[in-house]
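Chain and residue survey
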Amino acid sequence: MKPYRRRAVTCYENYPTRLVALNILEVLAAMAVGVIIIAHFGLGAALAYAALALLAVALSMAFGCTRCHYYGRLCGTGLGRIASLIFEKRDEEEFGSSFSQIVSWTLVGITLIVPIAAGVMALQDGVTSLHLLWLGAFLGLVAAIGVTHSKLVCSRCHQAKEKRCSLGRLGRSA
Ligand code: SF4
């Protein structure tokens, strides 16, 4: 019997627009629900979270996308194209290893954790169906982003194929 050979998956140089739109919608919906959850602690907290999320995206473009193969191209999130309109290109060899990029990606991680922590704290003020609904919605969106990214984005990503992206290594089996 012939040994099982996994079919080579071609990487996208520019991702299909529908997939990019799906990715952007999921991220924007998660950010919006995150702001709603944090608004439980006041307008100031909600605005601070929105500013944190925008800062995380801006720094990811400035220090991550500028070092990425998809700089100037339509990547899975669309940021590669936007980053090329604002920031100068940097050295692709530094992708995933520069301190500035690690800081910006850590900030992205924090924007995903803060609404979950805030949602759990809000439950301590009294478990209401609305609190549970928004926290559940945020967790569902984060899961959807994880599935979309690993199954539809990272599996066709040049950075993951070149083993330059730690996140991508999760989405690609080979
Ligand atoms: S794949 Fe990631 S790092 Fe590369 S341009 Fe797109 S968002 Fe930026």
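What counts as what
Residues numbered from 1 in each chain as written. Predicted model: local features only at pLDDT ≥ 70, side-chain atom pairs only at ≥ 80, totals over all residues. Heavy atoms only, no water. Phe/Tyr/Trp six-rings, centres within 6.5 Å; stacked < 30°, edge-to-face > 60°. Helix = DSSP H or I, 4+ residues; strand = E, 2+ residues; numbered from the N terminus. Buried < 20%, exposed > 50% of the residue type's maximum accessible area, 1.4 Å probe, protein only.

**Re the packing of aromatic side chains**
- Evaluated as defined, the whole model comprises three aromatic pairs.
- Centroid distance Tyr15 to Tyr70: 5.7 Å. Interplanar angle 55°. Geometry classified as tilted. With Tyr15 in the segment before α1 (17–38) and Tyr70 in the loop between α2 (43–63) and α3 (79–86), this pair connects stretches of sequence that are 55 residues apart. Considered together, Tyr15 and Tyr70 belong to a single accessibility category, that of buried residues.
- Geometrically, the ring pair formed by Phe95 and Trp105 is edge-to-face, given 5.7 Å between the ring centres and 75° between the ring planes. Of this pair, Phe95 sits in the loop between α3 and α4 (99–124) while Trp105 sits in helix α4; the two residues are ten residues apart in sequence, bridging distant segments of the chain.
- Take Phe95: its relative accessible area is 8%, and that puts it in the buried class.
- Among the aromatic side chains, those forming a connected cluster through ring pairs are Tyr12, Tyr15 and Tyr70.

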